Amino acid sequence: MSQVSGAEIQDRADEASNGGAKPTPEEIAAHTQSLVGFHYTVDDYYEIGREEIRKHAMAVQDAHPTHWSEEGARAFGHDRLIAAPTYVSVLGIIAQRKLFEDVITGYDMWQIMQTDQRLVYHQPMKVGDRLICDVSLESFRHVSSPEMIDLMVTKNVIWNQYDEPVMTTWTSLAARPGMDVDPELEASLDHVMIKVDAIGESGHTVEPKAGRYDLDDPTQSPGAFGAVDFDTLAVGQELTPKRYLLTRGNLANYAGVAGDPNPIHFSDHVVSAAGMDDVVAHGMQTMGLGASYVSEFIGDPAAFCEYNVRFTSPVYVPADDSAAVDFTGKVKSLDPATRRGTIAITAKQGDRRIFGRAQAVIQFN
């Protein structure tokens, strides 16, 4: 599919704005539907720093040496620190914010819920990578009954500075269009949302690569690196259960690392006004814990080929206690021809499953 021109997007946005009047949910849906197939390239590259990898690893409680020291990374065959498997969430927030501020309009960011996440790995993200992100709206569906909600899937294809594919991601989102916000909630949001006097201009460092939007999705896959031997595994083999604890401090730290200011992750005032049970952990934070759990078992986080999660229930984090998230897993399947295996993951808070379907495909040695 080809990119829709900037002028055409602006025309559609002006039409959707309805002359300054608040657009109806149907008008918002029609505008969003018209953007299916739209592509753009984030206009500034994202450069991965050594300390950013460590900060993210701490936020997802991942102590694997490949994220922390050059010596540890070299022991697993890497020439520099590599990022944890869900580090892409840091870049994804930047791309998604631009998408919903400049292109897909009519939705408040705090009213958009992530329902599914699929990550396909082509090579590990490393210190010094300058990541370039091509974004597209892949599908859209407007549902009016039993409640009004818009369902959409966005795709990011991420490249490094050498035009090599690094990762392809698909994010499924549910959004409420054109909601009238309760005055109490609107006041709450104004009191807690981040306020910045001025933001510097980052500049335009990236131009869309000619013809790249029309390419098939990349198919390159990472190697096994330091992953365990395929022949030591058996279908049905269980991973050692592990419990992770999350506090409000963990949530605040992750919000800062990921650059996600959504107040449902830290403000009792907002969640009370919104009628929610409590503040909730980020979906990508719990997905990151799952990746940390799998990494311990497989030996090398760079051997992830694919990681999919369906989010079914949030992790509620009280003000006066820790939230316990319990992970279990087992080897679901093994393919001797490719020496790949699929690991099924279960995550629960108490008796509630927070993942509906979660699995990782790994390249073993």
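Residues numbered from 1 in each chain as written. Predicted model: local features only at pLDDT ≥ 70, side-chain atom pairs only at ≥ 80, totals over all residues. Heavy atoms only, no water.

### Considerations on helix 2 (residues 25–33)
Then, in step 1: Within helix 2 the residues assigned to the buried category are Pro25, Ile28, Ala29, His31 and Thr32. In a view along the axis of helix 2, the buried residues occupy a sector of 160 degrees, so they form one face of it. (Buried < 20%, exposed > 50% of the residue type's maximum accessible area, 1.4 Å probe, protein only. Helix = DSSP H or I, 4+ residues; strand = E, 2+ residues; numbered from the N terminus. Arc of directions from axis to C-beta.)

### Section: the UniProt feature "domain: MaoC-like" (unreviewed entry) in the chain
Then, in step 1: With numbering matched to this structure, UniProt assigns "domain: MaoC-like" (unreviewed entry) to residues 236–330.
Then, in step 2: Its end C-alpha atoms 6 Å apart, residues 236–330 is made of 35% helix and 26% strand. (UniProt positions renumbered as here; feature names shortened; annotations may be inferred.)

### Considerations on the nonpolar core
Then, in step 1: Formed by 81 residues in total, the largest nonpolar core has its most connected members in Met125 and Tyr307.
Then, in step 2: Those residues within four positions of tyrosine 307 in sequence are excluded, and the remaining contacts are Thr86, Gln117, Arg118, Leu119, Tyr121, Met287, Gly290, Ala291, Ile345, Gln359 and Ala360. (Core = buried A, V, L, I, M, F, W, Y, C linked by side-chain atoms within 4.5 Å. Contact = heavy atoms within 4.5 Å.)

### Topic: the packing of helix 3 (residues 50–59) against helix 7 (residues 248–258)
Then, in step 1: Two elements in contact, helix 3 and helix 7, have axes whose closest approach is 9 Å; the angle formed by their N-to-C orientations is 150 degrees. Classified by chirality, the crossing of helix 7 by helix 3 is left-handed. Contacts from Lys55, His56, Met58 and Ala59 in helix 3 reach Asn253, Tyr254 and Val257 in helix 7.
Then, in step 2: Partitioned by chemical class, the residues of the contact of helix 3 with helix 7 number 4 nonpolar, 2 polar and 1 charged. (Axes fitted to C-alpha atoms, helices over the stretch in contact; angles between N-to-C directions. Left-handed = near helix turned anticlockwise from the far one by under 90°. Nonpolar A, V, L, I, M, F, W, Y, C, P; charged D, E, K, R; others polar.)

### Some remarks on unusual backbone geometry
Then, in step 1: Proline 146 follows serine 145 through a cis peptide bond whose omega is 5 degrees.
Then, in step 2: Mapped onto the fold, proline 146 is located in the loop between strand 4 (130–143) and strand 5 (149–159).
Then, in step 3: With phi around 60 degrees, aspartate 163 is a residue other than glycine that occupies positive phi space.
Then, in step 4: Phi angles above zero are rare outside glycine, and arginine 339 is one such case at about 60 degrees.
Then, in step 5: Along the polypeptide, arginine 339 turns up in the loop between strand 9 (323–335) and strand 10 (340–349).

### Details of the pairing of strand 4
Then, in step 1: Pairing geometry for strand 1 (residues 39–41) and strand 4, over 3 bridges, is antiparallel. Its bridge partner lying in strand 4, histidine 39 is registered against serine 136.
Then, in step 2: Looking at chain direction, strand 2 (residues 46–47) and strand 4 are connected through 2 bridges and run antiparallel. Its bridge partner being in strand 4, tyrosine 46 is matched across the sheet by leucine 131.
Then, in step 3: Bridging between strand 4 and strand 5 involves 11 bridges; their strand directions are antiparallel. For serine 136, the partnering residue across the bridge sits in strand 5 and is lysine 155. (Pairing = 2+ DSSP bridges.)

### Details of the environment of aspartate 79
Then, in step 1: The residue aspartate 79 is located in the loop between helix 4 (70–75) and helix 5 (88–103) in this model.
Then, in step 2: For aspartate 79, a relative accessible area of 56% corresponds to the exposed category.
Then, in step 3: When the C-alpha atoms of aspartate 79 and lysine 126 are compared, they prove to be 9.0 Å apart, with 47 residues separating the residues in sequence.
Then, in step 4: At 3.1 Å, the side chain of aspartate 79 forms a polar contact with the side chain of arginine 80. (Polar contact = N/O pair within 3.5 Å; in protein donor to acceptor, adjacent residues only side chain to side chain.)

### Describing the packing of aromatic side chains
Then, in step 1: Applying the stated criterion across every chain, the model contains 8 aromatic pairs.
Then, in step 2: On the basis of an interplanar angle of 65 degrees and a centroid distance of 5.8 Å, the ring pair of phenylalanine 304 and tyrosine 307 is categorised as edge-to-face.
Then, in step 3: Among the aromatic residues, ring-to-ring pairing joins Tyr244, Tyr293, Phe311, Phe327 and Phe355 into one connected group.
Then, in step 4: When the ring centre of tryptophan 170 is taken as reference, the NZ or CZ atom of arginine 118 above it lies at 4.5 Å. (Phe/Tyr/Trp six-rings, centres within 6.5 Å; stacked < 30°, edge-to-face > 60°. Lys NZ or Arg CZ within 6 Å of the ring centre and 35° of its normal.)

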